[in-house]
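So you can see what is in the structure, the chains are spelled out below.
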Amino acid sequence: PPEHGKLRRMFTKEFMVKRIDAMRPRIQALIESLYDAMETKGSPVEMVNDFALPLTSTVISEFLGVPAEDREFFQEQSRLKVLMDVDPEIPRVASAKLIGYFDGLLKAKERDPHANDDLLSRLVLDQVEPGHLSHDDAVRHADLLVMAGHETTANQIALGTLNFLQNPDQKALLLGNPDLLRGAVDEMLRYNSIVQFNGARIALEDVEVNGHLVRKGEGVFALINAANRDPAAFARPDVFDIERAPDNHLAFSYGVHQCLGQPLARAELQSVFGSLFQRFPTLRLAVPLEALEFKGGHFVYGVETLPLAW
């Protein structure tokens, strides 16, 4: 404060539930077109690259105003930017490429901000032109919005699919009772905790936390995935249970810094899991579970690929 509150208010209206709900028909249309492509391609398909990433990258691109021909570029650079188990030069270069891209895109929108009705054009009109936000800050916010609204939801779609395939009783429960959908989405958010590393902090003095001494100057992470598996907060925390409907999970963090884009993420996840198993009722893993490679060393948790058959 006060900078954070001022900046957050610039974007809050863009993610209001009413605005996001107006996007649901378009989101569902994109989902159905990807289902059609899956059927045309035939079994097996790869869920991450054939469905989840194309869906989320298209949704956030249309929302922000990124041209369709540029989506493959930023999808790849976004993937590289969040890698934590590679030479640090790789994410650094990817980050620089994305900043350069959004610098050019914002300059184009500044030349003709009335040409399109999208978030970045409205940002130029409402914030950059009146001098409330600098061009450079707008570029960095555009980069952040793409990262937050793309890689995270794509990985949650893949892991959510895997959750149901590993728990066929829960899949049957959802198919038999669609009213469980909203709670089911919250349960997969809790169960998977896509953002693994949140809120890096440095101890300003020695402090004891639950019997463990953190010394002054040491770095700590408050891990969301640990909170979301806390047995003091959730009964049988390691069980995937869509009837739980957890309204106290921390997948979107908490308080003034909680995820601004959570209405969009929920809309995408509800649209996918409200239709996926109706369209593909016999969906199954096309490889043994042991063959899946999980993203344990990434900033965003997920699976590298998810081969599926039906």
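Before going into details, it helps to say that this report is about the structure given with it. (Residues numbered from 1 in each chain as written. Predicted model: local features only at pLDDT ≥ 70, side-chain atom pairs only at ≥ 80, totals over all residues. Heavy atoms only, no water.)

**A short note on the packing of aromatic side chains**
Point 1. The full count for this structure, using the stated rule, is eleven aromatic pairs.
Point 2. Relative to F51, the ring of Y35 has its centre 5.4 Å away and its plane inclined at 5°; by these criteria the two rings are stacked. Remark: F51 occurs in helix α3 (residues 47-64) and Y35 occurs in helix α2 (residues 17-41); sequence separation between them is 16 residues.
Point 3. Classification of Y35 as buried rests on a relative accessible area of 0%.
Point 4. Arranged with centres 5.6 Å apart and planes meeting at 65°, the rings of F164 and F277 form a pair that is edge-to-face. Of the two residues, F164 sits in helix α8 (residues 151-166) while F277 sits in helix α13 (residues 276-279), which places them 113 residues apart along the sequence.
Point 5. The class for F164 is buried, based on a relative accessible area of 1%.
Point 6. The class for F277 is buried, based on a relative accessible area of 2%.
Point 7. Cluster of aromatic residues (ring-pair linked, three or more members): F164, Y191, F240, F273 and F277.
Point 8. Looking at R190, its charged tip hangs above the ring of F234, at a distance of 5.2 Å from the centre.
Point 9. A cation over a ring is seen here: R229 above Y191, with NZ or CZ 4.2 Å from the ring centre. (Phe/Tyr/Trp six-rings, centres within 6.5 Å; stacked < 30°, edge-to-face > 60°. Helix = DSSP H or I, 4+ residues; strand = E, 2+ residues; numbered from the N terminus. Buried < 20%, exposed > 50% of the residue type's maximum accessible area, 1.4 Å probe, protein only. Lys NZ or Arg CZ within 6 Å of the ring centre and 35° of its normal.)

**Quick look at the packing of α3 against α8**
Point 1. It is the contact of α3 with α8, at a shortest axis distance of 8 Å, that shows an interaxial angle of 135°. Of the possible angle classes, the one that applies to α3 and α8 is oblique. Our pair here, α3 against α8, has a crossing hand that is right-handed. When α3 is examined against α8, the residues M47, V48, F51, A52, L53, L55 and T56 are found in contact with a partner set consisting of E151, T153, A154, I157, A158 and T161.
Point 2. In the contact of α3 with α8, the residues fall into nine nonpolar, three polar and one charged. (Axes fitted to C-alpha atoms, helices over the stretch in contact; angles between N-to-C directions. Parallel < 35°, antiparallel > 145°, perpendicular 65-115°, else oblique. Left-handed = near helix turned anticlockwise from the far one by under 90°. Contact = heavy atoms within 4.5 Å. Nonpolar A, V, L, I, M, F, W, Y, C, P; charged D, E, K, R; others polar.)

**Overview of the pattern of salt bridges**
Point 1. The tally for this structure, following the rule as stated, stands at 21 salt bridges.
Point 2. Among the salt bridges present, the one from K13 reaches D126, with a minimum N-O distance of 3.1 Å. Of this pair, K13 sits in the loop between α1 (3-12) and α2 while D126 sits in helix α6 (residues 119-128), placing them 113 residues apart in sequence.
Point 3. Measuring nitrogen to oxygen at the nearest pair gives 3.6 Å for the salt bridge that ties E151 to K295. On the criterion of sequence distance, the pair formed by E151 in helix α8 and K295 in the loop between β6 (284-285) and β7 (307-309) is long-range, its members being 144 residues apart.
Point 4. Accessibility expressed as a relative area gives 7% for K295, which makes it buried.
Point 5. Through salt bridges that share partners, E14, R19, D117 and R122 make up one connected network. (Salt bridge = Lys/Arg side-chain N within 4 Å of Asp/Glu carboxyl O.)

**Quick look at the packing of helix α5 (residues 89-111) against helix α7 (residues 135-148)**
Point 1. One can describe the packing of α5 onto α7 by two numbers: an axis separation of 9 Å at closest approach and a directional angle of 120°. Taken as axis vectors, α5 and α7 run oblique relative to one another. As α5 packs across α7, the resulting crossing turns out to be right-handed. Counted together, L98, I99, F102, D103, L106, K107 and E110 of α5 and H135, A138, V139, R140, A142, D143, V146 and M147 of α7 form the full contact between these two elements.
Point 2. Its residues placed into classes, the contact of α5 with α7 shows nine nonpolar, one polar and five charged.

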